[in-house]
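# Descriptive analysis of the structure
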Amino acid sequence: MENFFSDEGQAAELLQQAIAMVMTYAPKVLLAIVTLVIGLWLINRFINVLDNKLGARDPTLNKFVCGLIGVIFKVLLFISVASMIGIATTSFIAVIGAAGLAIGLALQGSLANFAGGVLILIFKPFKVGDTIEAQGFLGAVAEIQILYTVVNTFDNRRIVIPNGSLSNATLINVSIYPTRRCDMTFGIHYDDDIDKAKAVIKRLIDEDERSLSEPPPRISVGSLGDNSVNLIVRPWVPTDDLWPYYWDMQEKVKKAFDAEGITIPFPQRDVHMYQEK
């Protein structure tokens, strides 16, 4: 009987302690949960507003800055919620620091990508909307994020390139200048009149409104090939019109040469057969 009452007394004491702990910590936990939910909502709301405002002024910075600020605010929010529950912030920060060091060592590539993103934003080798050629891809820059840059190719593919690779490798910014030179080569037969062929090409260039008068186009004999005299053609055009201009000119020159009796030769080989006696 004494053991029974003793166990019953211990159980009642434990129950009272549990109730006291619930009464002590339940409001703190409830307040922490409410703070966490409201805090995350406010952070997401602020990031969305900042994204819209900053995106209207500088589309290159908005994704990178918004992502970085969002991470910082959420870390501060979690530390505040932990302190509300009763966790010592000093030890909590020490744990986060140690965990951050371990994660940093494990994610050295990601840190390199982050540093690459910072370098891209500082030195600005390209910005959102530019057409770049990098890592074997050609496309328009859609976003510059914390770790990656998103490029949309012209055949409607989405390429994600690490910022570390872009900051440490050679890339070509195709759209940084408003005009570009359109390099073309046309071959004519050795029996054809070179001056006549050059005049036909010059007329086609002058007739196209996309051709720029300054710098003036250049039409010269580039080389004497095995089967043709190769004329190099170097007109200047607006950057956005480069490839449509190039493709259109290929068709126009072929049709004009046909109309003027100018031959575009193709490789030929004469085979001589000898009969052994």
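In what follows, the structure referred to is the one given above.
Residues numbered from 1 in each chain as written. Predicted model: local features only at pLDDT ≥ 70, side-chain atom pairs only at ≥ 80, totals over all residues. Heavy atoms only, no water.

The next subject is the pattern of salt bridges. This structure, assessed with the given rule, holds 13 salt bridges. A salt bridge links Arg234 to Asp183, with the shortest nitrogen-to-oxygen separation between them at 3.4 Å. With Arg234 in strand E9 (residues 229-234) and Asp183 in the loop between strand E6 (179-181) and strand E7 (184-188), this residue pair connects regions lying 51 residues apart in the sequence. Classification of Arg234 by relative accessible area gives buried; the value is 18%. A salt bridge links Lys196 to Glu260; its shortest N-O distance comes to 3.9 Å. Of this pair, Lys196 sits in helix H6 (residues 194-207) while Glu260 sits in helix H7 (residues 242-260); the two residues are 64 residues apart in sequence, bridging distant segments of the chain. Residue class for Lys196 comes out partly exposed when judged on its relative accessible area of 36%. One continuous salt-bridge network, built from bridges that share partners, spans Asp208, Arg210, Asp248 and Lys252. (Salt bridge = Lys/Arg side-chain N within 4 Å of Asp/Glu carboxyl O. Helix = DSSP H or I, 4+ residues; strand = E, 2+ residues; numbered from the N terminus. Buried < 20%, exposed > 50% of the residue type's maximum accessible area, 1.4 Å probe, protein only.)

Judged by nonpolar contacts, the single largest core of 21 residues is most densely connected at Phe186, Ile201, Met249 and Phe257. For this core, the leading source of residues is H7, giving 6 residues. The residues contacting Met249, other than those within four sequence positions of it, are Met184, Phe186, Leu204, Ile205 and Asp208. By size, the runner-up hydrophobic cluster in this structure holds 13 residues, among which are Phe64, Ile132, Val141 and Leu171. (Core = buried A, V, L, I, M, F, W, Y, C linked by side-chain atoms within 4.5 Å. Contact = heavy atoms within 4.5 Å.)

Strand order in the open sheet made by the 5 strands is E4-E3-E2-E1-E5, with antiparallel pairing throughout. Each edge of the open sheet is held by one strand with a lone partner, namely strand E4 (158-162) and strand E5 (172-173). With 5 bridges connecting them, strand E2 (residues 137-144) and strand E3 (residues 148-153) associate as antiparallel partners. Across the sheet, the residue bridging to Gly139 is Thr153, located in E3. (Pairing = 2+ DSSP bridges.)

For the rest of this paragraph, the subject is the packing of aromatic side chains. Considering all chains together, one arrives at 3 aromatic pairs under this definition. Relative to Tyr246, the ring of Trp243 lies with its centre 5.6 Å away and its plane at 75°, an arrangement referred to as edge-to-face. One end of the pair, Trp243, and the other, Tyr246, are both in helix H7, 3 residues apart, so they sit about a helical turn from each other. The partly exposed category is assigned to Trp243, whose relative accessible area is 44%. Members of the aromatic cluster, connected to one another through ring pairs, are Trp243, Tyr246 and Trp247. (Phe/Tyr/Trp six-rings, centres within 6.5 Å; stacked < 30°, edge-to-face > 60°.)

Moving on, we come to the sheet that holds strand E8 (residues 218-224). Across the sheet, which stays open at both edges, the 3 strands sit in the order E7-E9-E8 with antiparallel pairing between neighbours. Two strands lie at the open edges of the sheet, namely E7 and E8, each paired on one side alone. Averaged over all pairs of adjacent strands, the angle between their axes in this sheet comes to 30°, without regard to strand direction. The pairing of E7 with E9 spans 5 bridges and is classified as antiparallel. Bridged to Met184 within E9 is Val233. Running over the sheet, H6 touches E7, E8 and E9 and is turned about 25° from E9. (Axes fitted to C-alpha atoms, helices over the stretch in contact; angles between N-to-C directions.)

This part is about H6. Taking 1.5 Å as the rise per residue, H6 with 14 residues should run 20 Å; its terminal C-alpha atoms sit 20 Å apart, in good agreement. For H6, the secondary structure elements touched by its buried residues are E7, E8, E9 and H7. Two or three places before Asp195, at the opening of H6, Asp193 has a side-chain oxygen 3.0 Å from that residue's backbone nitrogen. (Expected span 1.5 Å × (residues − 1). Polar contact = N/O pair within 3.5 Å; in protein donor to acceptor, adjacent residues only side chain to side chain.)

Running from N to C, H6 and H7 cross one another at 135°; their axes reach a closest spacing of 10 Å. Between H6 and H7, the angle is such that the two are oblique. Crossing hand, H6 versus H7: right-handed. Residues Lys196, Ala197, Val200, Ile201, Arg203, Leu204 and Ile205 of H6 form the contact with H7, whose own contacting residues are Tyr245, Met249, Lys252, Val253, Ala256, Phe257 and Glu260. (Parallel < 35°, antiparallel > 145°, perpendicular 65-115°, else oblique. Left-handed = near helix turned anticlockwise from the far one by under 90°.)

Moving on: a nonpolar patch on the surface. The grouping of Leu30, Val34, Ile38, Trp41 and Leu42 at the surface amounts to a nonpolar patch, some 510 Å² of accessible area in total. Examined against the element boundaries, Trp41 turns out to sit in helix H1 (residues 2-57). Overall, Trp41 belongs to the exposed group, its relative accessible area being 55%. (Patch = residues over 30% accessible without salt bridge, like charges linked within 9 Å, V, L, I, M, F, W, Y side chains within 5 Å. Areas by Shrake-Rupley, 256 points an atom, 1.4 Å probe, with all protein chains shown as cover.)

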